[in-house]
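# Structural overview for review
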Amino acid sequence: MKLLTFSSLFPNTVKPSHGIFVETRLRYLLASGQVESKVVAPVPWFPSQHPRFGDYAAFSKVPARETRYDIEVTHPRYLVIPKVGMTAAPWLMAQACKKEIGRIIDEGYDFDVIDAHYFYPDGVAAAMLGKYFNKPVVITARGTDINLIPQFTLPRKQLMWAANNAAGMITVCQALREEMIGLGIPGDRIVALRNGVDLQRFVPMDRAAARAQLGIDGFTVISVGVLDPRKAHDLTIGALPMLPDVKLLIAGIGPERKKLEALAASLGVTDRVKFLGAVAQTELKHYYNAADAMILASSREGWANVLLESMACGTPVVASNVWGTPEVVARPEAGVLMKERTAKGIADAVTELRRNYPDHAATRRYAEGFSWDDTTNGQLTLFSRIINSRGTLPTGNRAVA
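Residues numbered from 1 in each chain as written. Predicted model: local features only at pLDDT ≥ 70, side-chain atom pairs only at ≥ 80, totals over all residues. Heavy atoms only, no water.

Under the annotation held in an unreviewed UniProt entry, the protein chain carries the name Glycosyltransferase and is attributed to Massilia cellulosiltytica.

### Re the overall build of the protein chain
Condition: Numbering goes from the N terminus for both helices and strands, where a helix is a DSSP run of H or I of at least four residues and a strand is a run of E of at least two. Within these notes, the globule rule equals 2.2 Å times the number of residues to the 0.38 power, and the radius of gyration is based on C-alpha atoms. Burial classes follow relative accessibility: with a 1.4 Å probe on protein chains only, a residue under 20% of its type's maximum area counts as buried, one over 50% as exposed, and anything between as partly exposed. Only heavy atoms enter the contact rule, under which two residues are in contact if any of them lie within 4.5 Å. The Shrake-Rupley method, run with a 1.4 Å probe sphere, supplies the accessible areas, and residue values consider only the shown protein chains as cover. His residues and chain termini do not enter the charge count, which takes Lys and Arg as positive and Asp and Glu as negative. Here the site of a charge means atom NZ of a Lys, CZ of an Arg, CG of an Asp or CD of a Glu.
Tallying secondary structure elements over the protein chain gives 16 helices and 16 strands in all. By the compact-globule yardstick of 21 Å for 401 residues, the protein chain fits well, its C-alpha radius of gyration being 22 Å. Viewed in the frame of its principal axes, the protein chain has a C-alpha envelope of about 60 × 45 × 40 Å. For the protein chain, the proportion of its 401 residues judged to be buried stands at 57%. Sequence separation of 24 or more characterises 71% of the internal contacts of the protein chain that already satisfy a separation of 6 or more. Accessible surface computed for the protein chain: about 16,900 Å², of which carbon and sulfur atoms make up 53%. Each charge class in the protein chain was averaged separately, 46 positive and 39 negative side chains, and the resulting centres sit 5 Å apart.

### Notes on the UniProt feature "domain: Glycosyl transferase family" (unreviewed entry) in the protein chain
Stated precisely, the cut-off is as follows: UniProt positions are given in the numbering used here, feature names are shortened, and annotations may be inferred rather than shown by experiment.
Taken from the UniProt record, the annotation "domain: Glycosyl transferase family" (unreviewed entry) applies to residues 209-368. This span, residues 209-368, is 41% helix and 17% strand, and a straight line between its end C-alpha atoms measures 23 Å.

### Some thoughts on a nonpolar patch on the surface
Stated formally: Patch definition: residues with relative accessible area over 30% and no salt bridge; like charges joined within 9 Å; nonpolar side chains (Val, Leu, Ile, Met, Phe, Trp, Tyr) joined within 5 Å. Salt-bridge detection follows one rule: a side-chain nitrogen of Lys or Arg within 4 Å of a carboxyl oxygen of Asp or Glu.
Together, Trp45, Leu79 and Ile81 make up an exposed nonpolar region whose accessible area comes to about 270 Å². Mapped onto the secondary structure, Trp45 falls in the loop between strand 3 (43-44) and helix 2 (54-60).

### So, the pattern of salt bridges
Under the criterion given, the structure shown has 16 salt bridges. Linking Asp292 and Arg211 is a salt bridge whose minimum nitrogen-to-oxygen distance equals 3.2 Å. Highlighted residues: Asp292 in the loop between helix 11 (281-290) and strand 14 (293-296) and Arg211 in helix 8 (residues 207-214), separated in sequence by 81 residues. Arg211 shares its class with Asp292; the two are buried. Salt bridges here are not isolated pairs; linked through shared partners, they connect Lys38, Glu72, Glu100, Arg103 and Glu107.

### Some points on the side chain of His286
Here His286 is to be found in helix 11. For His286, a relative accessible area of 15% corresponds to the buried category. The contacts of His286, once residues within four sequence positions are left out, are Met205, Ala210, Gln213 and Leu214.

### Structural notes on the packing of aromatic side chains
Just so we agree on the cut-off: Centres within 6.5 Å make a pair out of two Phe, Tyr or Trp rings, where for Trp the six-membered ring is used; the pair is then stacked when the planes are under 30 degrees apart, edge-to-face when over 60, and tilted otherwise. Only when the NZ of Lys or the CZ of Arg is both within 6 Å of the ring centre and within 35 degrees of the ring normal is a charge said to sit over the ring.
The final tally for this structure, using the stated rule, is five aromatic pairs. Aromatic pair Tyr132 and Phe133: ring centres 4.9 Å apart, planes at 85°, arrangement edge-to-face. Arranged with centres 6.1 Å apart and planes meeting at 50°, the rings of Trp303 and Phe370 form a pair that is tilted. Remark: Phe370 occurs in the loop between helix 15 (360-367) and helix 16 (373-388) and Trp303 occurs in the loop between strand 14 and helix 12 (305-312); sequence separation between them is 67 residues. A residue is classified by how much of its surface remains accessible, and Trp303, at 7% relative accessible area, is buried. What links up through ring pairs into an aromatic cluster is the set Trp303, Tyr366 and Phe370. Across from the ring centre of Phe59, 4.5 Å away, lies the NZ or CZ of Lys15, which sits over that ring. Positioned over the ring face of Tyr69 is Arg27, at 4.2 Å from the centre of the ring.

### Points about the side chain of Gln379
The topology assignment puts Gln379 in helix 16. What makes Gln379 buried here is its relative accessible area of 1%. Those residues in contact with Gln379 that sit more than four places away from it in its chain are Arg25, Leu29, Ile170 and Leu193.

### Side note on the sheet that holds strand 15 (residues 317-319)
To keep it simple, the criterion reads: Two strands are said to pair when DSSP picks up at least two bridges between them. Only C-alpha atoms enter the line fits that serve as axes; for helices the fit covers just the stretch in contact. Angles between N-to-C directions range over 0 to 180 degrees.
The sheet built from six strands is open, its strands ordered 13-12-11-14-15-16 with parallel pairing. Of all strands in the sheet, those with a lone pairing partner are strand 13 (273-277) and strand 16 (335-337), marking the two edges. With direction set aside, neighbouring strand axes in the sheet form an average angle of 20°. Both strand 11 (residues 219-224) and strand 14 contribute to a ladder of two bridges, which runs parallel. For Val221, the partnering residue across the bridge sits in strand 14 and is Ala293. Strands in contact with helix 11 are strand 11, strand 12 (246-251), strand 13 and strand 14; relative to strand 11, the strand with the most contacts, it is inclined by about 145°.

The structure is reproduced here in structure tokens:
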């Protein structure tokens, strides 16, 4: 079967970790030998590459075409309009990608299904493109697209239109599936297929050697994620005064760094907090192995891959009890869920973890239950059914554009 994978969340040479979970799922699907795919990964258009423009300048450096893991990837540019950009983004994205998708078809790759990731704006744009090219569309919901976007009136209407015109939908956790059903989307058209973990990339290492190499001593925790309010690194820093012998590593970049540094200084814990900046996925395993625990205090998560990455290295986690996270941290050997998402809640959870610290090998064995096999098989079943039925939607579910 031939897929056209469509998402603005896809790695590129400038941002190799951007949307890496989409690429990883696709790589495992392609490894089945039953699927081909080309990727259309639109990026915002911006006229300048000057560093002062931050992410927008970085996007302008993304090549028009590239090949990753033998996958052909193209990056059409779409216009982002300030202030009104959120509601206009799906249409602008779809219009910008029509020519590129038409080229792909004209060159002989007449795909069977559009495999879209992230419901808004990508899924809405994909539904528009599906109608234009007369192709069935499968949309994967990944978190914020379902637990935040529907709070906005017009984007919610657009999202519901896309859902009603999709041939099938995937969520990365059961909690998101239940939320979509609560929005009024028929549950028989939504399948929960959780993300897996790359068990070859994230592996246990000599922990003493990893700590020595990175200069780590004492009980050390690591927090991984972009430095923005949703990841709540401030709560983790805020827990340190209640954990006087604990050191914290923070891996990630983002707009909150200066604020977080100031917070650490005000709490008198600067000497116990180290900001690592951007850490490549290939290097993360060294930090996971060197740390005693990984902390994720996010306010929203669909399915946090960093939890499984840490566990696959044998390192247990402390995580906020939100959305799909309880489906990941479901056993004592995995780690501890916070009873409350506060600095004290983090401190209490870390103390609980230390009191009943799991065996590293048991944590790794737990992570091995999250291979990509089930997810790959679930995708193959769904795509085959849609192709065989020619993407026909159940009676009464098709909405009018």
